[in-house]
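# Geometric and topological summary
Here are the chains, one letter per residue:
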Amino acid sequence: MILLILPLIVVWGIGAATGAPMRQRYVMMAVVTAIWAAMQFALPAGNPMRVDTEYLAQSFVGGGVIVAGIWGYRRLFGRIKARVTPDVQAPPRGFSGAELDRYARHVILREIGGVGQKALREAKVLVVGAGGLGSPALQYLAAAGVGTIGVIDDDTVEATNLQRQVIHTDAMIDVPKVHSAAQAMVAQNPYVTVRPYHRRLTADIASELIADYDLVVDGCDDFETRYLVNSVCAQAGVPLVAAALTQWEGQISVYDPARNAPCYACVFPEAPAAGLSATCAEAGVLGPLPGVVGAMMATEAVKVITGAGDPLRGRMMIYDALYAEVRVISAKRRGDCAVCGGLNTEAA
Ligand SMILES: [Zn+2]
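Residues numbered from 1 in each chain as written. Predicted model: local features only at pLDDT ≥ 70, side-chain atom pairs only at ≥ 80, totals over all residues.

On to the packing of helix α6 (residues 113–122) against helix α13 (residues 289–306). A pair of packed helices is characterised by two quantities: the angle between their axes and the separation of those axes. Where α6 meets α13, the axes come as close as 9 Å, and the angle between the chain directions of the two elements is 110°. One way to sum up the angle between α6 and α13 is to call them roughly perpendicular. Along its contact with α6, which presents Gly116, Ala119 and Leu120, the element α13 presents Val302, Ile305 and Thr306. Here the contact of α6 with α13 is composed, by residue class, of four nonpolar, two polar and no charged. (Axes fitted to C-alpha atoms, helices over the stretch in contact; angles between N-to-C directions. Helix = DSSP H or I, 4+ residues; strand = E, 2+ residues; numbered from the N terminus. Parallel < 35°, antiparallel > 145°, perpendicular 65-115°, else oblique. Contact = placed C-beta atoms within 7 Å. Nonpolar A, V, L, I, M, F, W, Y, C, P; charged D, E, K, R; others polar.)

Here's what the structure looks like:
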């Protein structure tokens, strides 16, 4: 008996002293045990050592057969399980340990997994406006690990913004919103690249800028920019997640004529006449409302990028905070749309 236990102790001791991985140590112990068991059978029958330890040797062989059986069963079960469950939950390649920790709750989600998290990291999203809707959208896009986030806005932070534009802090009053937002996003997630553009999105730069992104999230608060962004996105085939707010109500949709969903102009062919549509400054807006709808924008962006679920293409969600009601209405692409009417569509 001592002839077995002594070598095992020595092997384990060497493994511990050299810091060998546990798996290696177990393998070495198994090898020593196997050699020892083989020696028992190699000895001639009647050998005193064999007689003395015969029962022990048989137990080891029996135990070995049981362990091998369990191992084989687990391998087989694992293969069947892997066949039933697509391997979307494998850790994404090229991510550091710290990033894997950070995105662990995404990686274990069946609809995102390692593949989706990698798609998020490779994605480039432009957010128009760093105000009420832009604030939560930017925060969640950064936290979710969208690799490159552009943000364009020509405003500076004002005291009246702070009731709802939660990405900005009191200390950032008078600082350009894009710089305040960029600082907050990188502080939240140092693994994302933020590109702040402190200027207004105008027709002369819109095409070139939007062509550099995979997806646009529009949280601007004026119709001129909204129609411009829609038109450029439609031409470039870039999906557009856009939302708007009034007092207690928010609406959101994914405009994507390249994939046979309507564009913004299909649903709203004309902007309301000047004076008919009150701005937040004129009419007021509930503080948490842009939080709800802006987070929905980030949600739709993540879905479009990762291919998870069914984004709001061809559907508009309307959230009425005052009466706690949500409605979803469908919207169709219009053949005579001035913006996307003549555009080709990928097979939807
Ligand atoms: Zn259209």
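Structure's up, so let's keep going.
The next thing to look at is the nonpolar core. In terms of nonpolar packing, the biggest core is built from 69 residues, with Val125, Leu138, Ile149, Leu215, Val216, Met297 and Ala301 touching the most fellow members. Here the element with the most residues in this core is α13; it accounts for nine residues. Contact partners of isoleucine 149, with chain neighbours within four places excluded, come to Val125, Val127, Leu138, Leu141, Ala142, Met185, Val192 and Val194. (Core = buried A, V, L, I, M, F, W, Y, C linked by C-beta atoms within 7 Å. Buried ≥ 20, exposed ≤ 12 C-beta atoms within 10 Å, placed from the backbone.)

Below, the discussion takes up the packing of helix α7 (residues 134–144) against helix α8 (residues 177–188). Contact geometry for α7 and α8: axes closest at 9 Å, N-to-C directions at 30°. The angle between α7 and α8 falls in the class roughly parallel. Judged by the sense of rotation from one axis to the other, the crossing of α7 with α8 is right-handed. Where α7 approaches α8, its residues Leu138, Gln139, Ala142 and Ala143 are matched on the opposing element by Ala181, Met185 and Gln188. Grouping the amino acids of the contact of α7 with α8 by side-chain chemistry returns five nonpolar, two polar and no charged. (Left-handed = near helix turned anticlockwise from the far one by under 90°.)

Read across the open sheet, the eight strands follow the order β3-β2-β1-β4-β5-β6-β7-β8; overall the sheet is mixed. A single partner strand is all that each edge strand has here, and the edge strands are β3 (193–197) and β8 (325–330). Going across the sheet, the axis of each strand differs from the next one's by a mean of 15°, ignoring polarity. As paired strands, strand β5 (residues 240–246) and strand β6 (residues 249–255) are joined by seven bridges and run antiparallel to one another. Within β6, the position partnered with leucine 240 by the bridge is tyrosine 255. Set on the sheet, α7 makes contact with β1 (124–128), β2 (148–152) and β4 (215–218); between it and β2 the angle comes to about 165°. (Pairing = 2+ DSSP bridges.)

Another point: the environment of leucine 343. Note that leucine 343 resides in the segment after β8. Along the chain, leucine 343 and glutamine 235 lie 108 residues apart, while their C-alpha atoms are 7.6 Å from each other. Contact partners of leucine 343, with chain neighbours within four places excluded, come to Ala234 and Pro257.

On to α13. Taking 1.5 Å of rise per residue, the 18 residues of α13 would be expected to cover 26 Å, and the 26 Å separating its terminal C-alpha atoms lies within 8% of that figure. Where burial is concerned, most of α13 is hidden: 15 out of the 18 residues are buried. Positive backbone phi, at 75°, marks glycine 307, one or two positions downstream of α13. (Expected span 1.5 Å × (residues − 1).)

The next subject is the environment of valine 10. Its location among the elements puts valine 10 in helix α1 (residues 2–18). Take valine 10: there are 11 C-beta atoms within 10 Å of it, and that puts it in the exposed class. In the structure, valine 10 is positioned 19 residues away from methionine 29 in sequence and 9.7 Å away in space, judged by C-alpha atoms.

The next thing to look at is the environment of alanine 281. With respect to the helices and strands, alanine 281 occurs in helix α12 (residues 280–283). Considered as a pair, alanine 281 and asparagine 161 are 120 residues apart in the sequence and their alpha carbons are 9.8 Å apart.

The next point concerns unusual backbone geometry. Positive phi is not limited to glycine here, since aspartate 174 has a value of about 80°. In this fold, aspartate 174 is placed in the loop between β2 and α8. A tally of 10 C-beta atoms within 10 Å means that aspartate 174 is categorised as exposed. Of note, alanine 324 is a non-glycine position whose phi angle comes to about 50°, a positive value. Structurally, alanine 324 can be placed in the loop between β7 (315–320) and β8. Of the residues examined, alanine 324 has 7 C-beta atoms within 10 Å and is grouped as exposed.

Burial along β4 is two-sided: the face carrying Leu215 and Val217 and the face carrying Val216 and Asp218 are both buried. Of the pairings in the sheet, the one linking β1 to β4 comprises four bridges and is parallel in character. The residue bridging valine 125 from the neighbouring strand is leucine 215, located in β4. Of the pairings in the sheet, the one linking β4 to β5 comprises three bridges and is parallel in character. Looking at β5, one finds that aspartate 218 is bridged to alanine 242.

Extensive coverage of β2 is indicated by the burial of four of its five residues. Here β1 runs beside β2; their pairing, made up of five bridges, is parallel. The residue bridging valine 128 from the neighbouring strand is isoleucine 152, located in β2. With α7 bridging β1 and its parallel neighbour β2, the resulting β-α-β unit is right-handed. Pairing geometry for β2 and β3, over five bridges, is parallel. Directly across from isoleucine 152, in β3, lies its bridge partner tyrosine 197. (Right-handed = clockwise from strand over helix to strand, strands pointing away.)

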